[in-house]
Amino acid sequence: MSDSSLVDIGYVYTEVSAIKPGVARVRAGFNTHKTKSLQFRLNQLRNLYFAVHDHQEAFAHALYQDFHRSETETRIAEIHTVLKNILYAMANLHQWIQPEAVSDLPINLRTNKVYTERIPYGVVLVMGAYNYPVHVTLSPLAGAIAAGNAVVLKPSEQTPRFSQLLTEVLTRALDPDVFWMVNGGVPETQALLDEKFDKIIFTGSPTVGTIVAKKAAETLTPTCLELGGKSPAIVLSDVKDKDIDTIAKRIVWGRFTNGGQTCIADDYVLVHQSRHKRLVEAMKRAVEESYPNLTPDSPDYTHMVSSRAYDGIIDLITTSKGTVVTGGVTDADRNTRFVPPTILDDVSWTDSSMKREIFGPVLPVVVYDSLPDACARIVNYHDTPLALYIFTSGPTARGKNPQVDLIRRSVRSGGTIVNDTLIHGVLSNAPFGGIGSSGTDAYGGKWSYDNFTHERVTIEQKLWNEFMVGVRYPPFNEKKGKALQYALQEYGGHVWFNRSGDVPIDGPSSFFKLWAGVTGTACLILAFAQAL
């Protein structure tokens, strides 16, 4: 979008010269310690809740204008999820902030309070993405606020109407001492990354994520990177004819929701040859049923976010060696950035559609004969996807279905769903995140709170027990050494396993713990008595 177009819609970039003092102001606000208060955090979360709740229609309309996304889809996929996440944090924050006692202490520390407490990182930079700009921007923001941090928020410039509206709404709703928004493109982002933050969360492409991680590494700033990857939908050989239509609908829904611009979308189908023909026919029917008489003006289908993204998808379709089952480029429209749902059949692993994450309304279909070979190819070509989808008519539990177990043992992924797609993204208290090239760290419910806090161990030592701890001071002798040995040893120096054979998988037995505890305590008391 040109600078003149941005002016026309009222989207204002932050002055680069304002970024350094803006970040400094937020840090000064954090240093007043106001965010440490539970009441302050809850009040800020309340303000965030009503800011979203009261502007639902405006947010949905802005995103319809930005990239023709159905307003109903915005409410279902984003706004309701964010509101639920905020409420969950508010309902549980009083429990999350409580210290947790450390168990299994050595004998010499059992008279002291030993616990972990979670403290805010400080100033957190939240960098949102365009594809789900409500959810992936405001859910991390809620977690950072709940954790007691000050926040600098950078929404995506690719959804300018929404980002401008969000800036106006949140600037009014949240405390300006500890919250600030920065809008802009590459220069503004670079200026932001030149500042020192205490944690950065970024949602976007692996390419930009790598840039963010490298920049953060210069100041040893921890990062949470929510990236993407080629997430497979694997259709097993045990799928029955009666289940094909249901599976096809769920695959099509996962792929073409939000115009395919979903980081956890099923990026390709890997189907057993015995199920191939029926599945492709069913997926074609599912597209026709979900998007009947589809045109660029249809209200329930999302377009590409930019002309650049549109051109990339058109190039991918035209260079693919696969067979176009439905969709294609004939009815595509660059003026509105409309690309119809496209299924590409008989695609090879080296096809243009299989080189990287598609992030658009294209679904390649790859056929396999051998499941072990298919798993090996996933790992070889597109290891560590953000999501892993498995479809079976057999048992869903890995312990009862050898094919499901093989896939889950072979392929590391950020999340896994058996017999559906996408739905783990709406869970309020489960970790959402990637592994390897699909991301680092996770957020969601308690995981968001943990993500944005540092877990600090604390020991409240006594002064009256000097006669017990005195053995640690030099000069040392054999008696002191034995006393320290018994104080620090687990189970009095005894073990519950042999030098050979298998180690018991259930750990030490109750009898062993009792016996080792009694004898260890007796030896410790004797050793201390002799050392004093």
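Here's what I pulled together on the structure shown here. (Residues numbered from 1 in each chain as written. Predicted model: local features only at pLDDT ≥ 70, side-chain atom pairs only at ≥ 80, totals over all residues. Heavy atoms only, no water.)

## Considering a nonpolar patch on the surface
Taken together, the side chains of V102, V457 and I459 make up a nonpolar region of the molecular surface, amounting to roughly 240 Å² of accessible area. For I459, the location among the structural elements is in strand β18 (residues 453-460). On the accessibility criterion, I459 (46% relative accessible area) is partly exposed. (Patch = residues over 30% accessible without salt bridge, like charges linked within 9 Å, V, L, I, M, F, W, Y side chains within 5 Å. Areas by Shrake-Rupley, 256 points an atom, 1.4 Å probe, with all protein chains shown as cover. Salt bridge = Lys/Arg side-chain N within 4 Å of Asp/Glu carboxyl O. Helix = DSSP H or I, 4+ residues; strand = E, 2+ residues; numbered from the N terminus. Buried < 20%, exposed > 50% of the residue type's maximum accessible area, 1.4 Å probe, protein only.)

## Section: the nonpolar core
Formed by 80 residues in total, the largest nonpolar core has its most connected members in L141, L170, I251 and M283. Per-domain counts for this core show at least three residues from each of domain 1 (25-228 + 446-456) and domain 2 (232-412). Discounting chain neighbours no more than four positions away, the residues touching L141 are L48, V151, L153, L170, L174 and F179. (Core = buried A, V, L, I, M, F, W, Y, C linked by side-chain atoms within 4.5 Å. Domains from an automatic or database assignment. Contact = heavy atoms within 4.5 Å.)

## What about the pairing of strand β7 (residues 223-226)?
Judged by which residues are buried, β7 turns out to be covered on both faces: T223 and L225 on one side and C224 and E226 on the other are all buried. Across 4 bridges, the pairing between strand β6 (residues 199-203) and β7 is parallel. Bridging across to β7, I201 finds its partner in C224. Where β7 meets strand β16 (residues 439-440), 2 bridges bridge the pair, whose relative direction is antiparallel. Bridge pairing links E226 to G439 in β16. (Pairing = 2+ DSSP bridges.)

## Some details on the environment of Q261
For Q261, the location among the structural elements is in the loop between α10 (241-256) and β9 (266-272). Its relative accessible area of 0% is what places Q261 among the buried residues. Spatially, the C-alpha atom of Q261 lies 13 Å from that of R337, the residues being 76 residues apart in sequence. Excluding anything up to four places from it in sequence, Q261 contacts F67, Y130, N131, Y132, T302, H303, M304, V305, F359 and G360. Reaching out from Q261, the side chain makes a polar contact with the backbone oxygen of H303 at a distance of 3.0 Å. Separated by 3.1 Å, the side chain of Q261 and the backbone nitrogen of V305 make a polar contact. (Polar contact = N/O pair within 3.5 Å; in protein donor to acceptor, adjacent residues only side chain to side chain.)

## Points about the sheet that holds strand β8 (residues 231-235)
Hydrogen bonds between backbone atoms are what pair the strands of a sheet, whose relative direction is either parallel or antiparallel. Across the sheet, which stays open at both edges, the 7 strands sit in the order β10-β11-β12-β9-β8-β13-β14 with mixed pairing between neighbours. Of all the strands in the sheet, the pair left with one neighbour each is β10 (323-326) and β14 (415-418). Between one strand axis and the next, the sheet turns through 25° on average, direction left out of account. Here helix α14 (residues 402-410) sits on the sheet in contact with β8, β13 (387-391) and β14, set at roughly 170° to β13. (Axes fitted to C-alpha atoms, helices over the stretch in contact; angles between N-to-C directions.)

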